[in-house]
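# An overview of the molecular structure
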Amino acid sequence: MEHPRGIRRLLRFPAGRRPIEREIDDEIAFHFDATVAEFLAQGLTPEEARREAARRFGDVTQVRRDLHQIDSVSDAQERRADRIGALVHDVRSAVRALAKDRRVSLFVIFTLMLGMGANATMFGIVDRLLLRPPPHVSRDPLLASIFVRRESRDFGVFFGRSTSYPGYVALRDQSGAFSDVAAYWSTVASLGRGPNAVKVNAGLATANFFPMLGVRAQLGRFFSSDEDRRDNSKPPAVLSHGFWARQFGSDAQILGREIQVNQGVYTIVGVAPPGFNGAALYPMDVWIPMNAAAAEYTNATFETYHDMRWLEVVAKRRDDLSPEAAAARATATYQRVMRDARKSDSASSIMLASMVPARGVEGLSGVLTGKSGSGSLSARVSAWLSIVAAIVLAIACANVANLLLLRAARRRREIALRLALGISRARLAAQLLMESTILAALGGAAALALVPPATGLLRATLLGRLDIAAGRLDARLVLFTLACVLVVGIAAGLAPLVLSRRMDVSDALKAGVREGSVRRSRLRTTLLVMQGALSMLLLVGAGLFVRSLRNVARLDLGFDPDRVMVAQVDLSGVTKGREAFEDFWRRAQERVAALPSVGAAAQSVTTPLESGWALDIAVPGRDSLPPLANGPYINAVSPDYFKTMGMRIVRGRGFTAADDAGAAYVSVISDSMARYLFPGQDALGKCYHIVVDDNKPKNSTPCVTVVGISQKTHTHEFREGGAPEQFVPLPQSPRLLQWRVLMVRAREGVPPATTAMDVRRTLQSMGGNLPFADVRMLRDPVSVETRPWELGATMFGLFGVLALIIAAVGLYSTIAYEMAQRAHEFGVRQALGARRGDVGRLVLGRALRYALPGLILGVGLALLGTRAVRTLLFDVSPLDPAVYVGVAVTLLAASLLAAIGPARRAGRIDPIAALREE
Amino acid sequence: MPDQPLELLQGTLDVLILKTLTWGPTHGYGVAHSIRQKTADELRIDDGALYTSLHRLEQRKWVRSEWGVTDQNRRAKFYSLTKQGRAALVARTEQWTRYATAVSRVLQPA
């Protein structure tokens, strides 16, 4: 038997695959034929040969099936390998193409890195602030934050978070809307006494607060409901995780230890999990039971005390009620209770807001416009900044698309050639998209690297008190960035694709590189215009914020925040009784006033921008006064108050020592209070009643005579009108609140920090086992108020400048490219007698023709957004002309600057060389 | 000619095929013929099983196949050894030798 050997030719079949069955059949057929031939050679008859062959083969159908199965698997594997191979090939060639044009590629990556980095950072922050409930708080949809929607003629609709204790009780027991209601309040307290006293952020919470939020203690437990009693002699406390680590070194034996928080002694029963700060994002240190501690922090009658709105409430809606039904029931109860108590909240309604701030009252738009109280001011600014970041990313994408367009124009011949050689348009599209996606991916990876430092920076400037894990690259952030990468990659890659689609292949092949390839692409123009418009928009925003900031800075607050400080010592448990309390403060004031570094010192009940005390007022002859969103405020002060604060009495007089308990009742009222109580009249000499007890008739308290009118002050909020406030002499205070602070003014020429140290030392040395003495400049709460505008100005400014730079560079590259294409034409012009200046002016004209429409469009966009932005500004109209003009000039200047380089180069073209070039 | 050819033990066919292919690329029929000749028909080879083996070997990338033309100008699928196949053959051969040695040691007359 000959051994079949030697293959004469191996034919390679083309790429078209033959079906597997055909191949198997052919192979088996060959084998059969060969076997039959063998048997025939041995002398069998054809039938016998065939039978033998069949016998020797075995079960043909089975074999065929098996072979088919094996081959299908092999085939699939091979196809997959081919696809991967093709992909790798595409990636390699894409990378090669990108590397060839290194400058453009790097610029694109850098631009995208900035754009996507900004967005990723903002998303991380916004996600934490607005899109999720606070850490460790459950996502139960029945869980809601309670808001009170108040309305006033002057202030419109306002959403407040606080209610009084009776209000909370009413919601809990009488409304029938909730299966559980909890209340909490945060304050500053002293841990320990004497020299080792530490300032802590303490939270008072009802026992059901923690189980309602769904948080589990890291160590030990939270409070039980029978520990949350008023008369609990051994109340529990729970430490926050951070505080436990900082203060107690994460001592595992912490449970059972006793700590003193202000006046109370508490036993530590648990430690909260890391990151838990209650229902808000402010860092907390320790929680104590509400009912056990409240009396110490407010007053003995807190359970029925309507005048103080201090509690924040969270509630679990009954699951058989819709949110609207629950809110309606709660509102009905609340209004009834307020009406019976004759409080100004009788027209307010209760709203249930999701624990996720973005889905809170009025949702995201509420957060953005600031109408709802659901987002803190920081959250609001963050939300706006994310929009800004998205705009910058849009600009960056537009720029990238533009650059890729330019590059595609340059590669027209190459693309046309490949099309002619048979590459399918789909393949071409895939390759171009691959290039842009690679760029986007590299930009995205770089962006992720930017996130931690950027978040850290933002946390230091923007987020201040908020407790947010900085720049953690969690899954949502990475997914978000991935999505950005895809969107950017596709968007930026599609633009050149559109161009290549409209290409007539032969036309492109014939044309020289210069001719026809730079038709004024409408797409490119649009992109440039868009960039200009968006830069304009951002810079207008920046300008408006800057002006707001300047207005705020120039505000005469009515007190001098940089020279005046507030000193606070918690005397509960140190002094017993009213006498001792007053005695302490009198001595404190004397000693402090006598310090050489002190200019003046005075006592006060409330601190500007930090605390507020309000009591209703009745004016004889007027039935009722219009309700106010906040106020009317009252403060009881010692005679030196106005001098210490730097508050001017514009008419009448201040207080003297003669205005004591036995003398006639007098007051000094603020400018806006005068207008509130006695509109259109001269308030000096008029009198009014302070409503201390709602159950007694309005005129049961003495009629307080106005002896002085102070300047407009901003002691309670930075609203443009100033706060309606009245000042009464301390001895004549309508209520004996054990709440006192010392206002201290640093002497002229003495640095306030020195004064603060002296004051602190003096107070601590007044003996009697005092808790920590807190001395703070009044600038601190002021800064807190102005920070949003500062931030808006900084961030809009930064982003605006960034956007402008990106747009300007985009303009530069476009003009440069265009002018390079027209070198031939410029050569001709110069040969025909044009001067350098003429050519240069032509180029500048091109730049303007791109810039002007952008400017106009940007103005249009800015005008559209005015209403939304109005509440964020201070004393500035969103249509402020100075800002618009300034920004327009900047934009034009930038455009001209961008075009100068190309303009000068165009002028210096050697006409002969240009003409000779193809 | 033996009266009854021996049944193949598991996995033997693969080794035989691999070894056969070391003498040059062949088609399936050629492999079968070669094996029968070498073993003087002692072993029973089902052609169907042979092809199944060949295709499996191809799936494992131990052999590769190519359609070609024989001396008689007929289209046939030719198989050849890959590098991995050669390595596998060495390993399997050694394994087989050890196996056979061990068994025959037991079976040897005392």
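Residues numbered from 1 in each chain as written. Chains lettered and ligands numbered in written order. Predicted model: local features only at pLDDT ≥ 70, side-chain atom pairs only at ≥ 80, totals over all residues. Heavy atoms only, no water.

When its secondary structure is counted, chain A shows 26 helices and 23 strands. Counting only residues that meet the buried cut, chain A has 52% of its 918 residues in that class. Within chain A, contacts between residues separated by at least 24 positions form 79% of all contacts whose residues are at least 6 apart in sequence. For chain A, the accessible area works out to roughly 41500 Å², and carbon and sulfur atoms hold 56% of it. (Helix = DSSP H or I, 4+ residues; strand = E, 2+ residues; numbered from the N terminus. Buried < 20%, exposed > 50% of the residue type's maximum accessible area, 1.4 Å probe, protein only. Contact = heavy atoms within 4.5 Å. Areas by Shrake-Rupley, 256 points an atom, 1.4 Å probe, with all protein chains shown as cover.)

Our focus in this paragraph is the nonpolar core. Residues and elements named next belong to chain A. Ranked by size, the top nonpolar core spans 49 residues in total, and within it F178, L239, I259 and M290 carry the most contacts. Excluding residues within four positions of it along the chain, F178 makes contact with I146, L171, A315, K316, R317, R318, A330 and L352. Counting 46 residues, the second largest nonpolar core, distinct from the first, contains A383, L458, L538 and V887. (Core = buried A, V, L, I, M, F, W, Y, C linked by side-chain atoms within 4.5 Å.)

A few words on the side chain of A:S145. Residues and elements named next belong to chain A. By secondary structure assignment, the location of S145 is in strand β1 (residues 143-152). Given a relative accessible area of 7%, S145 falls into the buried group. If we skip the residues at most four places from it in the chain, S145 touches R161, V313, V314, M351, L352, A353 and M355.

For the rest of this paragraph, the subject is the sheet that holds strand β3 (residues 75-81) of chain B. All names here are of chain B. Judged by pairing direction, the sheet is antiparallel, and its 3 strands sit side by side in the order β1-β3-β2 without closing on themselves. Edge positions in the sheet fall to β1 (26-27) and β2 (63-69), since each of these pairs with one other strand and no more. The sheet contact formed by β1 and β3 spans 2 bridges and is antiparallel. Paired with H27 across the strands is F78, a residue of β3. Sitting on the sheet, helix α3 (residues 47-59) touches β2 and β3, and the angle it makes with β3 is about 55°. (Pairing = 2+ DSSP bridges. Axes fitted to C-alpha atoms, helices over the stretch in contact; angles between N-to-C directions.)

Our next topic: the pattern of salt bridges. Residue and element names in this part refer to chain A. The full count for this structure, using the stated rule, is 31 salt bridges over all chains. Of the charged contacts in the structure, one is a salt bridge between D231 and R229, with a shortest N-O distance of 3.0 Å. In this structure D231 comes out as exposed when scored by relative accessible area, which is 59%. One salt bridge connects R586 with E590, and the closest N-O pair in it is separated by 3.6 Å. Highlighted residues: R586 and E590, both in helix α17 (residues 577-593), separated by 4 residues, approximately one helical turn. (Salt bridge = Lys/Arg side-chain N within 4 Å of Asp/Glu carboxyl O.)

Moving on, we get to the state of the cysteines. One way to say it: the disulfide is the covalent bond shared by the sulfur atoms of two cysteines. Residue and element names in this part refer to chain A. Overall, the coordinates contain 1 disulfide over all chains when judged by the stated rule. For C687, the disulfide goes to C703, at an S-S distance of 2.0 Å. Since a negative S-S torsion denotes a left-handed disulfide, the C687-C703 link at about 85° is right-handed. In this pair, C687 is assigned in strand β19 (residues 687-690) and C703 in strand β20 (residues 703-710), connecting sequence segments 16 residues apart. (Disulfide = S-S within 2.5 Å.)

In this section: empty space enclosed by the protein. Residue and element names in this part refer to chain A. Applying the stated criterion to the full structure yields 5 cavities of 30 Å³ or more. Of the volumes computed, that of the largest cavity is approximately 150 Å³. Among the secondary structure elements, those contributing two or more residues to the lining of the largest cavity are α16 (522-554), α21 (779-821), α23 (836-864) and α25 (881-907). By residue number, the principal contributor to the lining of the largest cavity is α16, which donates 5 residues. Across the lining of the largest cavity, the residue classes tally to 10 nonpolar, 4 polar and no charged. (1 Å grid on protein atoms, 1.4 Å probe; cavity = no way out; pocket = protein on both sides within 12 Å on 5 of 7 lines; lining within 4 Å. Points joined across faces, edges and corners; volume = space filled by probe spheres on them. Nonpolar A, V, L, I, M, F, W, Y, C, P; charged D, E, K, R; others polar.)

Moving on: the pairing of strand β16 (residues 633-637) of chain A. Residue and element names in this part refer to chain A. In terms of burial, β16 is largely enclosed, as 5 of its 5 residues are buried. By the bridge criterion, 5 bridges tie β16 to strand β21 (residues 725-729) in an arrangement that is parallel. Across the sheet, the residue bridging to V637 is P729, located in β21.

A cluster of nonpolar side chains, contributed by B:W96, B:Y99, B:V103, B:V106 and B:L107, occupies part of the molecular surface with about 550 Å² of accessible area. Its location among the elements puts B:V103 in helix α4 (residues 83-107). (Patch = residues over 30% accessible without salt bridge, like charges linked within 9 Å, V, L, I, M, F, W, Y side chains within 5 Å.)

Below, the discussion takes up the packing of aromatic side chains. With the rule as written, the count across this model stands at 22 aromatic pairs over all chains. Residues A:F57 and B:Y51 carry aromatic rings whose centres are separated by 6.1 Å and whose planes lie at 25° to one another, so their mutual orientation is stacked. Within this pair, whereas A:F57 is found in helix α2 (residues 46-57), its partner B:Y51 is found in helix α3, the two belonging to separate chains. Note on A:F209 and A:F210: the rings are 5.3 Å apart at their centroids and 75° apart in plane angle, and the pair reads as edge-to-face. A relative accessible area of 1% means that A:F209 is categorised as buried. A residue is classified by how much of its surface remains accessible, and A:F210, at 0% relative accessible area, is buried. Chaining the aromatic ring pairs together yields one cluster made of A:Y184, A:F209, A:F210, A:F222, A:F223, A:F276 and A:W287. Above the plane of the ring of B:W62 lies B:R60, whose end atom (NZ or CZ) is 4.3 Å from the centre. Between B:R75 and the ring centre of B:W67, over which it is positioned, the NZ or CZ distance is 4.1 Å. (Phe/Tyr/Trp six-rings, centres within 6.5 Å; stacked < 30°, edge-to-face > 60°. Lys NZ or Arg CZ within 6 Å of the ring centre and 35° of its normal.)

Attention shifts here to the confidence of the model for chain A. Residues and elements named next belong to chain A. Per-residue confidence for chain A gives a mean pLDDT of 80; residues scoring 70 or more make up 88%. Throughout residues 1-15 the model reports pLDDT below 50, and contacts reaching past four residues in sequence, or to other chains, amount to 27 contacts. Within the model, the stretch residues 512-518 combines pLDDT values under 50 with 13 contacts to residues more than four positions away or in other chains. (pLDDT = per-residue confidence, 0-100.)

All names here are of chain A. By the criterion of burial, β20 is predominantly enclosed, with 6 of the 8 residues buried. Note that strand β17 (residues 649-652) and β20 share 3 bridges and pair antiparallel. Counterpart to G652 in the pairing with β20 is G708. Both strand β18 (residues 666-670) and β20 contribute to a ladder of 5 bridges, which runs parallel. Paired with I669 across the strands is I709, a residue of β20. As judged from the 3 bridges shared by β19 and β20, these two strands associate in the antiparallel manner. Its bridge partner lying in β20, C687 is registered against T705.

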